[in-house]
Amino acid sequence: MIKFAHGNPSLNYGSLSGLICFAGFAGTFFAGLNPFGDITWLWVWVPVLMIVLSMKAVRDVEPGGPFPYSRALKTGIKTTFFSSLLYCLLLYLLGTLAPVLMDIYREEMTKG
């Protein structure tokens with residue numbers, strides 16, 4: 001079992017990705033823009049970058065030899081899972097604190 005100096009990179013980078021994406025979502029919402037519109041594409045690169053950084057952190061600690069594909073796949077899936085979990089939890093909390101968010105979502109979905 002590999003021991004990491006600062007915890008599990010999948011958890012660290014996944015939670016950081018979720019926080020950054022949520023901050024972007026909340027920032028667009030509080031700026032008066034529609035967070036469900038085309039502006040959501042602005043934050044699509046964050047999870048991809050965090051998955052790459054997480055794999056790099058695991059690869060740097062991996063003892064010698066090539067980085068196995070299965071290890072890279074597991075790291076990417078775990079990073080994505082933690083990112084989406086934290087993002088959805090924070091989005092749910094924002095939705096309960098600001099119920100107007102559901103009205104904005106319904107308008108966006110019926111408009112298209």
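Residues numbered from 1 in each chain as written. Predicted model: local features only at pLDDT ≥ 70, side-chain atom pairs only at ≥ 80, totals over all residues. Heavy atoms only, no water.

**Quick notes on the overall build of the protein chain**
Line of reasoning, step 1. Looking only at helices and strands, the protein chain has four helices and zero strands in total.
Line of reasoning, step 2. The C-alpha radius of gyration of the protein chain comes to 17 Å, more than 25% above the 13 Å expected for a compact globule of 112 residues.
Line of reasoning, step 3. Each principal axis of the C-alpha atoms in the protein chain carries an extent, and together these give about 55 × 25 × 20 Å.
Line of reasoning, step 4. Residues classed as buried in the protein chain amount to 26% of the 112 residues present.
Line of reasoning, step 5. Within the protein chain, contacts between residues separated by at least 24 positions form 75% of all contacts whose residues are at least 6 apart in sequence.
Line of reasoning, step 6. Surface accessibility of the protein chain: about 7500 Å² in total, with carbon and sulfur atoms responsible for 71%.
Line of reasoning, step 7. Taken as two groups, the 8 positive and 6 negative side-chain charges of the protein chain have centres that lie 16 Å from each other. (Helix = DSSP H or I, 4+ residues; strand = E, 2+ residues; numbered from the N terminus. Rg over C-alpha atoms; globule rule 2.2 N^0.38 Å. Buried < 20%, exposed > 50% of the residue type's maximum accessible area, 1.4 Å probe, protein only. Contact = heavy atoms within 4.5 Å. Areas by Shrake-Rupley, 256 points an atom, 1.4 Å probe, with all protein chains shown as cover. Lys, Arg positive; Asp, Glu negative; His and termini not counted. Charge placed at Lys NZ, Arg CZ, Asp CG, Glu CD.)

**Let's talk about the packing of aromatic side chains**
To describe a pair of aromatic rings, you give the distance between the ring centres and the angle between the ring planes.
Line of reasoning, step 1. For the coordinates displayed, the defined rule picks out four aromatic pairs.
Line of reasoning, step 2. One aromatic cluster in this structure is built from Phe25, Phe36 and Tyr87. (Phe/Tyr/Trp six-rings, centres within 6.5 Å; stacked < 30°, edge-to-face > 60°.)

**What about helix α3 (residues 69–97)?**
Line of reasoning, step 1. The end-to-end C-alpha separation of α3 is 42 Å, in line with the 42 Å expected for 29 residues at 1.5 Å each.
Line of reasoning, step 2. When we look at burial in α3, the residues that qualify are Ala72, Thr75, Gly76, Thr79, Ser83 and Leu94.
Line of reasoning, step 3. Along its buried surface, α3 packs onto α1 (9–30), α2 (45–61) and α4 (100–111). (Expected span 1.5 Å × (residues − 1).)

Bear in mind that shape data such as this cannot, by itself, settle questions of function.
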